[in-house]
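Each chain is listed here by its residues.
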Amino acid sequence: MEFYDTIKDLVWEDMTKSIYSKTKNDVERALSKEFLNMEDFKALISPAAENYLETMAQMSRNITQKRFGKVMLLYIPMYLSNACSNHCIYCGFNHNNPMARKTLNDDEIMKEIQVIKSMGYDNVLLLTGEFPKVAGVDYIKHAIDLCRPHFSAINLEVFPMKTSDYEKLVKAGANTLYVYQETFNESRYKIYHPKGMKSNYKWRLGTPERVAQAGIHKIGMGALIGLEEWRTEMLYLAMHLRFMEKHYWKQKYCVSFPRMRPAAGGFKPNFLMSEKQFAQTLWAFRIFDNDVEIAMSTRETRNMRDHFVTLGVTSISAGSKTEPGGYANPNEDLEQFHINDDRSPKEMEAMIRKQGYDVIYKDWDRSLN
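Predicted model only: the values in this text are computed from it and were never measured.

Bringing the pattern of salt bridges into the picture now. With the rule as written, the count across this model stands at 26 salt bridges. Between D122 and K117 there is a salt bridge, and its shortest N-O distance comes to 3.4 Å. Judged by its relative accessible area of 33%, K117 is partly exposed.

This brings us to the pairing of strand β7 (residues 252–256). In summary, the side chains of a regular strand alternate between the two faces of the sheet. Of all five residues making up β7, four are buried, and the element is well covered by its neighbours. Across five bridges, strand β6 (residues 218–223) lies against β7 in parallel orientation. The residue bridging G222 from the neighbouring strand is S256, located in β7. At this point the chain moves from β6, through helix α13 (residues 230–247), to the parallel β7, and the crossover so formed is right-handed. Alignment of β7 against strand β8 (residues 293–296), held across two bridges, turns out to be parallel. Its bridge partner lying in β8, V255 is registered against I294. Note that the unit made of β7, helix α14 (residues 275–288) and β8 has a crossover that is right-handed.

Now for the environment of V11. If you trace the backbone, V11 turns up in the loop between α1 (3–7) and α2 (12–20). The class for V11 is partly exposed, based on a relative accessible area of 39%. A C-alpha to C-alpha distance of 9.8 Å links V11 and E186, two positions 175 residues apart in sequence.

The subject of this paragraph is the packing of helix α4 (residues 38–45) against α14. Relative orientation of the contacting elements α4 and α14 amounts to 155°, with a least axis distance of 9 Å. Classified by the angle between their axes, α4 and α14 sit roughly antiparallel to one another. Helix-helix and strand crossings are classified by hand; for α4 and α14 the assignment is right-handed. Within the contact between the two elements, α4 uses M38, F41, L44 and I45 and α14 uses Q280, A284, F285, I287 and F288. For the contact of α4 with α14, the class distribution of residues is eight nonpolar, one polar and no charged.

Among the structural elements, E130 can be located in the loop between β3 (123–127) and α7 (132–135). Discounting chain neighbours no more than four positions away, the residues touching E130 are A83, C84, S85, N86, F159, P160, M197, K198 and R204.

As a further point, take unusual backbone geometry. Of note in the backbone geometry, E182 takes a positive phi value of approximately 70° without being a glycine. Relative to the elements of secondary structure, E182 occurs in strand β5 (residues 174–182). Its relative accessible area of 11% is what places E182 among the buried residues.

About the thresholds
- For every chain, the first residue of the written sequence is number 1, and numbering continues from 1 onward in sequence order.
- Local features in this predicted model are restricted to residues whose pLDDT is 70 or higher, and side-chain atom pairs enter the listing and the counts only when it is 80 or higher, whereas totals over whole chains, interfaces and linings include all residues.
- In computing side-chain properties, one takes all heavy atoms of the structure into account and sets aside hydrogens as well as water.
- Each reported salt bridge corresponds to a side-chain nitrogen of Lys or Arg within 4 Å of a carboxyl oxygen of Asp or Glu.
- A 1.4 Å probe rolled over the protein chains alone gives each residue an accessible area, and that area as a share of the maximum for its type sets the label: buried under 20%, exposed over 50%, partly exposed in between.
- Each helix is a run of DSSP H or I of at least 4 residues and each strand a run of E of at least 2, with the numbering of both proceeding from the N terminus.
- By this definition, two strands are paired if DSSP reports at least two bridges between them.
- Note on handedness: a clockwise path from strand one over the helix to strand two, with the strands aimed away from the viewer, defines a right-handed crossover.
- Each axis is a line fitted through C-alpha atoms, and for a helix only the stretch in contact is used; angles between axes span 0 to 180 degrees, taken between their N-to-C directions.
- An angle below 35 degrees is treated as roughly parallel, one above 145 as roughly antiparallel, one from 65 to 115 as roughly perpendicular, and anything else as oblique.
- Take the far helix as your reference; a near helix turned counterclockwise from it by less than a right angle gives a left-handed crossing, and one turned clockwise gives a right-handed crossing.
- Here, two residues are considered to be in contact whenever any of their heavy atoms come within 4.5 Å of each other.
- Following the grouping adopted for this structure description, the nonpolar residues are Ala, Val, Leu, Ile, Met, Phe, Trp, Tyr, Cys and Pro, the charged ones are Asp, Glu, Lys and Arg, and the polar ones are all others, Gly among them.

Given below as C-alpha coordinates:
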(Lines give C-alpha, C1' and ligand atoms only; values in the text may rest on other atoms or scores of the structure.)
Protein backbone atom coordinates (compact mmCIF):
# COMPACT_ATOMS: atom_id res chain seq x y z
CA MET A 1 0.00 0.00 0.00
CA GLU A 2 1.24 3.48 -0.91
CA PHE A 3 0.65 6.57 1.22
CA TYR A 4 -1.62 7.90 -1.51
CA ASP A 5 -3.97 4.97 -0.90
CA THR A 6 -4.37 6.00 2.74
CA ILE A 7 -5.42 9.58 1.98
CA LYS A 8 -7.10 9.51 -1.46
CA ASP A 9 -10.59 9.21 0.00
CA LEU A 10 -10.13 11.86 2.70
CA VAL A 11 -11.93 15.17 2.22
CA TRP A 12 -9.70 18.17 2.90
CA GLU A 13 -12.50 20.32 4.34
CA ASP A 14 -13.60 17.53 6.67
CA MET A 15 -10.06 17.16 8.00
CA THR A 16 -9.93 20.90 8.63
CA LYS A 17 -13.20 20.77 10.57
CA SER A 18 -11.95 17.87 12.66
CA ILE A 19 -8.94 19.93 13.75
CA TYR A 20 -10.99 22.99 14.66
CA SER A 21 -13.44 20.84 16.65
CA LYS A 22 -10.81 19.86 19.22
CA THR A 23 -11.33 21.08 22.80
CA LYS A 24 -9.07 21.86 25.75
CA ASN A 25 -9.84 18.41 27.13
CA ASP A 26 -8.48 16.89 23.94
CA VAL A 27 -5.32 19.00 24.29
CA GLU A 28 -4.80 18.04 27.93
CA ARG A 29 -5.33 14.38 27.07
CA ALA A 30 -2.72 14.59 24.31
CA LEU A 31 -0.19 16.31 26.57
CA SER A 32 -0.61 13.59 29.21
CA LYS A 33 0.10 10.67 26.85
CA GLU A 34 3.41 8.97 26.14
CA PHE A 35 2.44 7.75 22.67
CA LEU A 36 0.27 10.07 20.58
CA ASN A 37 -2.08 9.18 17.73
CA MET A 38 -3.36 11.39 14.91
CA GLU A 39 -6.29 12.64 16.98
CA ASP A 40 -3.80 13.83 19.58
CA PHE A 41 -1.80 15.63 16.92
CA LYS A 42 -4.94 17.35 15.69
CA ALA A 43 -5.51 18.63 19.20
CA LEU A 44 -1.97 20.01 19.49
CA ILE A 45 -2.23 22.02 16.26
CA SER A 46 -5.80 23.17 16.94
CA PRO A 47 -6.83 26.63 18.17
CA ALA A 48 -7.68 24.96 21.49
CA ALA A 49 -3.96 24.37 22.12
CA GLU A 50 -3.07 28.06 21.95
CA ASN A 51 -3.54 28.38 25.72
CA TYR A 52 -1.01 25.58 26.32
CA LEU A 53 1.97 26.91 24.41
CA GLU A 54 4.16 27.41 27.48
CA THR A 55 3.61 23.79 28.47
CA MET A 56 4.27 22.63 24.91
CA ALA A 57 7.45 24.69 24.69
CA GLN A 58 8.87 23.20 27.88
CA MET A 59 7.95 19.68 26.80
CA SER A 60 9.57 20.24 23.40
CA ARG A 61 12.79 21.50 25.01
CA ASN A 62 12.96 18.55 27.43
CA ILE A 63 12.24 15.95 24.76
CA THR A 64 14.77 17.42 22.34
CA GLN A 65 17.55 17.63 24.90
CA LYS A 66 16.86 14.08 26.05
CA ARG A 67 16.81 12.68 22.51
CA PHE A 68 19.40 14.86 20.72
CA GLY A 69 21.38 16.55 23.49
CA LYS A 70 22.33 20.22 23.47
CA VAL A 71 23.62 20.12 19.91
CA MET A 72 22.73 22.03 16.74
CA LEU A 73 23.68 20.92 13.22
CA LEU A 74 24.49 23.72 10.78
CA TYR A 75 23.76 23.05 7.11
CA ILE A 76 24.13 24.98 3.87
CA PRO A 77 22.51 24.68 0.42
CA MET A 78 24.53 24.67 -2.80
CA TYR A 79 22.35 25.44 -5.82
CA LEU A 80 23.68 23.68 -8.91
CA SER A 81 21.10 24.96 -11.39
CA ASN A 82 18.07 27.25 -11.58
CA ALA A 83 16.91 25.79 -14.90
CA CYS A 84 13.38 24.47 -14.46
CA SER A 85 10.62 23.11 -16.71
CA ASN A 86 7.93 23.54 -14.06
CA HIS A 87 5.40 26.37 -13.92
CA CYS A 88 4.94 26.55 -10.13
CA ILE A 89 3.23 29.92 -9.71
CA TYR A 90 4.84 30.68 -6.33
CA CYS A 91 8.48 29.86 -7.20
CA GLY A 92 11.22 32.13 -8.44
CA PHE A 93 12.47 29.35 -10.74
CA ASN A 94 9.09 29.20 -12.56
CA HIS A 95 9.78 28.43 -16.23
CA ASN A 96 7.71 31.48 -17.19
CA ASN A 97 9.71 33.94 -15.10
CA PRO A 98 12.04 36.07 -17.28
CA MET A 99 15.18 35.32 -15.30
CA ALA A 100 18.61 34.25 -16.50
CA ARG A 101 19.22 30.52 -16.19
CA LYS A 102 22.50 29.03 -15.03
CA THR A 103 23.79 25.51 -14.50
CA LEU A 104 27.20 25.20 -12.87
CA ASN A 105 30.09 23.56 -14.71
CA ASP A 106 32.86 21.62 -12.96
CA ASP A 107 35.05 24.66 -12.32
CA GLU A 108 32.12 26.61 -10.86
CA ILE A 109 31.13 23.69 -8.62
CA MET A 110 34.69 23.44 -7.33
CA LYS A 111 34.72 27.18 -6.54
CA GLU A 112 31.48 26.78 -4.57
CA ILE A 113 32.98 23.83 -2.69
CA GLN A 114 36.04 25.89 -1.83
CA VAL A 115 34.00 28.74 -0.36
CA ILE A 116 31.67 26.43 1.58
CA LYS A 117 34.62 24.50 3.01
CA SER A 118 36.21 27.78 4.10
CA MET A 119 33.10 28.42 6.19
CA GLY A 120 33.80 25.23 8.15
CA TYR A 121 31.16 22.94 6.66
CA ASP A 122 31.68 19.19 6.29
CA ASN A 123 28.21 18.60 4.87
CA VAL A 124 26.44 20.14 1.89
CA LEU A 125 22.91 20.18 0.45
CA LEU A 126 22.85 20.06 -3.36
CA LEU A 127 19.81 21.55 -5.09
CA THR A 128 18.52 21.87 -8.65
CA GLY A 129 15.37 22.91 -10.44
CA GLU A 130 13.43 20.27 -12.38
CA PHE A 131 15.01 20.18 -15.82
CA PRO A 132 16.54 16.71 -16.40
CA LYS A 133 17.73 17.64 -19.91
CA VAL A 134 20.06 20.20 -18.35
CA ALA A 135 20.70 18.90 -14.83
CA GLY A 136 19.57 15.28 -14.80
CA VAL A 137 20.58 12.15 -12.92
CA ASP A 138 24.03 11.87 -14.53
CA TYR A 139 24.75 15.56 -13.87
CA ILE A 140 23.74 15.22 -10.20
CA LYS A 141 25.79 12.04 -9.82
CA HIS A 142 28.81 13.84 -11.28
CA ALA A 143 28.28 16.72 -8.83
CA ILE A 144 28.25 14.18 -5.98
CA ASP A 145 31.53 12.73 -7.31
CA LEU A 146 33.07 16.20 -7.23
CA CYS A 147 31.82 16.89 -3.71
CA ARG A 148 32.52 13.55 -2.09
CA PRO A 149 36.28 14.04 -1.45
CA HIS A 150 35.47 17.27 0.39
CA PHE A 151 32.37 16.47 2.50
CA SER A 152 31.45 13.69 4.89
CA ALA A 153 27.74 14.11 4.13
CA ILE A 154 26.18 14.96 0.77
CA ASN A 155 22.47 15.71 0.84
CA LEU A 156 20.08 16.31 -2.05
CA GLU A 157 16.99 18.36 -2.80
CA VAL A 158 16.31 17.53 -6.44
CA PHE A 159 13.46 16.51 -8.72
CA PRO A 160 11.51 13.24 -8.09
CA MET A 161 13.05 10.21 -9.79
CA LYS A 162 12.60 6.49 -10.26
CA THR A 163 13.91 4.19 -7.55
CA SER A 164 16.68 2.95 -9.88
CA ASP A 165 17.92 6.52 -10.36
CA TYR A 166 17.95 7.11 -6.61
CA GLU A 167 19.95 3.91 -6.20
CA LYS A 168 22.65 5.40 -8.47
CA LEU A 169 22.82 8.54 -6.35
CA VAL A 170 22.89 6.62 -3.07
CA LYS A 171 25.69 4.43 -4.41
CA ALA A 172 27.56 7.60 -5.45
CA GLY A 173 27.39 8.85 -1.85
CA ALA A 174 24.09 10.67 -1.29
CA ASN A 175 23.23 10.51 2.40
CA THR A 176 19.91 12.37 2.65
CA LEU A 177 17.14 13.44 0.29
CA TYR A 178 14.67 16.24 0.99
CA VAL A 179 11.40 16.50 -0.92
CA TYR A 180 8.56 18.89 -0.14
CA GLN A 181 5.04 18.11 -1.24
CA GLU A 182 4.37 21.88 -1.18
CA THR A 183 0.64 21.22 -0.61
CA PHE A 184 -1.16 17.98 0.23
CA ASN A 185 -4.47 19.37 -1.06
CA GLU A 186 -4.85 17.26 -4.20
CA SER A 187 -7.97 19.09 -5.42
CA ARG A 188 -6.03 22.39 -5.62
CA TYR A 189 -2.54 21.07 -6.35
CA LYS A 190 -2.85 21.74 -10.10
CA ILE A 191 -3.65 25.41 -9.46
CA TYR A 192 -0.14 25.89 -8.08
CA HIS A 193 1.58 23.42 -10.43
CA PRO A 194 -0.21 23.80 -13.80
CA LYS A 195 2.57 22.42 -16.04
CA GLY A 196 5.78 20.45 -15.83
CA MET A 197 6.81 17.24 -14.09
CA LYS A 198 5.81 18.65 -10.73
CA SER A 199 2.16 18.85 -11.82
CA ASN A 200 1.82 15.11 -11.12
CA TYR A 201 0.58 15.06 -7.52
CA LYS A 202 0.75 11.31 -7.00
CA TRP A 203 4.25 10.96 -8.47
CA ARG A 204 5.60 13.63 -6.15
CA LEU A 205 3.76 12.24 -3.13
CA GLY A 206 5.36 8.83 -3.68
CA THR A 207 8.91 10.20 -3.77
CA PRO A 208 9.80 9.43 -0.11
CA GLU A 209 8.75 5.81 -0.67
CA ARG A 210 10.89 5.43 -3.79
CA VAL A 211 13.95 6.97 -2.17
CA ALA A 212 13.49 4.79 0.91
CA GLN A 213 13.38 1.74 -1.34
CA ALA A 214 16.70 2.92 -2.79
CA GLY A 215 18.23 2.61 0.68
CA ILE A 216 19.02 6.21 1.54
CA HIS A 217 19.98 7.00 5.13
CA LYS A 218 17.65 9.94 5.87
CA ILE A 219 14.55 11.46 4.28
CA GLY A 220 13.35 15.03 4.74
CA MET A 221 9.69 15.91 4.17
CA GLY A 222 7.60 19.04 4.45
CA ALA A 223 5.02 21.45 3.06
CA LEU A 224 5.32 25.06 1.95
CA ILE A 225 3.33 27.31 4.26
CA GLY A 226 1.29 29.87 2.37
CA LEU A 227 -0.57 27.85 -0.24
CA GLU A 228 -3.36 26.15 1.72
CA GLU A 229 -4.75 26.14 5.28
CA TRP A 230 -1.66 25.43 7.34
CA ARG A 231 -3.17 23.31 10.11
CA THR A 232 -4.56 20.86 7.59
CA GLU A 233 -1.23 20.77 5.73
CA MET A 234 0.52 19.88 8.96
CA LEU A 235 -1.96 17.11 9.70
CA TYR A 236 -1.26 15.50 6.32
CA LEU A 237 2.47 15.91 6.88
CA ALA A 238 2.18 14.16 10.23
CA MET A 239 0.20 11.34 8.61
CA HIS A 240 2.87 11.03 5.92
CA LEU A 241 5.63 10.93 8.52
CA ARG A 242 3.91 8.20 10.52
CA PHE A 243 3.26 6.16 7.39
CA MET A 244 6.91 6.33 6.38
CA GLU A 245 8.17 5.45 9.84
CA LYS A 246 5.89 2.42 9.94
CA HIS A 247 6.70 1.06 6.48
CA TYR A 248 10.30 2.25 6.12
CA TRP A 249 11.57 2.06 9.65
CA LYS A 250 15.27 1.75 8.75
CA GLN A 251 15.43 5.38 7.60
CA LYS A 252 15.78 8.50 9.72
CA TYR A 253 13.37 11.39 9.13
CA CYS A 254 13.40 15.16 9.20
CA VAL A 255 10.49 17.58 8.82
CA SER A 256 10.38 21.22 7.86
CA PHE A 257 7.56 23.67 7.19
CA PRO A 258 9.13 26.71 5.49
CA ARG A 259 7.03 29.84 5.26
CA MET A 260 6.82 31.48 1.87
CA ARG A 261 9.29 34.27 1.07
CA PRO A 262 9.25 36.95 -1.68
CA ALA A 263 10.46 35.64 -5.03
CA ALA A 264 10.42 36.47 -8.72
CA GLY A 265 6.85 36.41 -10.01
CA GLY A 266 5.44 38.21 -6.96
CA PHE A 267 3.11 35.44 -5.72
CA LYS A 268 1.38 36.40 -2.46
CA PRO A 269 0.57 33.75 0.18
CA ASN A 270 -3.05 32.63 0.43
CA PHE A 271 -2.69 31.66 4.09
CA LEU A 272 -0.37 33.14 6.68
CA MET A 273 1.20 31.38 9.64
CA SER A 274 2.21 33.71 12.47
CA GLU A 275 5.36 33.19 14.52
CA LYS A 276 3.18 32.00 17.40
CA GLN A 277 1.50 29.47 15.13
CA PHE A 278 4.88 28.36 13.75
CA ALA A 279 5.96 27.72 17.33
CA GLN A 280 2.81 25.74 18.06
CA THR A 281 3.38 23.58 14.98
CA LEU A 282 7.01 22.90 15.78
CA TRP A 283 6.26 21.92 19.35
CA ALA A 284 3.34 19.75 18.25
CA PHE A 285 5.66 17.78 15.96
CA ARG A 286 8.27 17.35 18.67
CA ILE A 287 5.71 16.07 21.20
CA PHE A 288 4.06 13.87 18.56
CA ASP A 289 7.33 12.34 17.37
CA ASN A 290 10.26 12.48 19.78
CA ASP A 291 12.77 11.13 17.25
CA VAL A 292 12.09 13.23 14.14
CA GLU A 293 14.64 15.88 13.26
CA ILE A 294 13.30 19.40 12.70
CA ALA A 295 15.06 21.84 10.36
CA MET A 296 14.75 25.63 10.16
CA SER A 297 16.06 27.59 7.17
CA THR A 298 17.10 31.18 6.53
CA ARG A 299 13.52 31.89 5.38
CA GLU A 300 12.75 32.68 9.02
CA THR A 301 13.74 35.82 10.92
CA ARG A 302 16.82 36.27 13.10
CA ASN A 303 14.67 36.63 16.19
CA MET A 304 12.77 33.40 15.53
CA ARG A 305 15.88 31.40 14.78
CA ASP A 306 17.59 32.68 17.94
CA HIS A 307 14.65 31.68 20.12
CA PHE A 308 14.15 28.20 18.67
CA VAL A 309 17.71 27.00 19.24
CA THR A 310 16.71 25.50 22.59
CA LEU A 311 13.06 24.73 21.82
CA GLY A 312 12.99 21.79 19.43
CA VAL A 313 14.97 22.58 16.26
CA THR A 314 17.83 20.16 15.54
CA SER A 315 19.34 21.66 12.37
CA ILE A 316 19.56 25.21 11.09
CA SER A 317 21.02 26.73 7.93
CA ALA A 318 23.55 29.55 7.97
CA GLY A 319 25.22 31.68 5.34
CA SER A 320 22.78 30.47 2.69
CA LYS A 321 22.59 31.55 -0.95
CA THR A 322 19.66 30.49 -3.14
CA GLU A 323 21.19 31.00 -6.58
CA PRO A 324 23.63 28.78 -8.53
CA GLY A 325 27.17 30.01 -7.98
CA GLY A 326 26.01 32.28 -5.18
CA TYR A 327 28.97 31.75 -2.85
CA ALA A 328 31.80 32.44 -5.29
CA ASN A 329 29.88 34.89 -7.50
CA PRO A 330 26.69 36.22 -5.85
CA ASN A 331 23.93 37.29 -8.23
CA GLU A 332 20.50 37.96 -6.72
CA ASP A 333 18.92 37.95 -10.18
CA LEU A 334 19.40 34.16 -10.23
CA GLU A 335 18.01 33.33 -6.78
CA GLN A 336 14.99 31.16 -5.97
CA PHE A 337 13.81 33.40 -3.13
CA HIS A 338 15.10 36.15 -0.85
CA ILE A 339 16.50 34.86 2.44
CA ASN A 340 15.52 36.44 5.76
CA ASP A 341 18.57 35.85 7.95
CA ASP A 342 21.90 36.65 6.29
CA ARG A 343 24.23 35.94 9.22
CA SER A 344 27.41 33.98 8.53
CA PRO A 345 27.98 30.50 9.97
CA LYS A 346 30.43 31.94 12.51
CA GLU A 347 27.85 34.50 13.67
CA MET A 348 25.26 31.75 14.00
CA GLU A 349 27.73 29.54 15.83
CA ALA A 350 28.47 32.30 18.34
CA MET A 351 24.75 32.85 18.97
CA ILE A 352 24.12 29.12 19.44
CA ARG A 353 27.08 28.59 21.76
CA LYS A 354 26.00 31.58 23.83
CA GLN A 355 22.83 29.61 24.61
CA GLY A 356 24.85 26.67 25.88
CA TYR A 357 24.62 24.47 22.80
CA ASP A 358 27.40 22.84 20.79
CA VAL A 359 27.60 23.30 17.02
CA ILE A 360 28.42 20.58 14.52
CA TYR A 361 29.06 20.94 10.80
CA LYS A 362 28.33 17.36 9.78
CA ASP A 363 25.88 14.63 10.78
CA TRP A 364 27.52 11.63 9.12
CA ASP A 365 31.01 10.24 9.01
CA ARG A 366 32.60 9.33 5.67
CA SER A 367 33.78 6.00 7.17
CA LEU A 368 30.12 4.90 7.31
CA ASN A 369 29.59 5.43 3.57
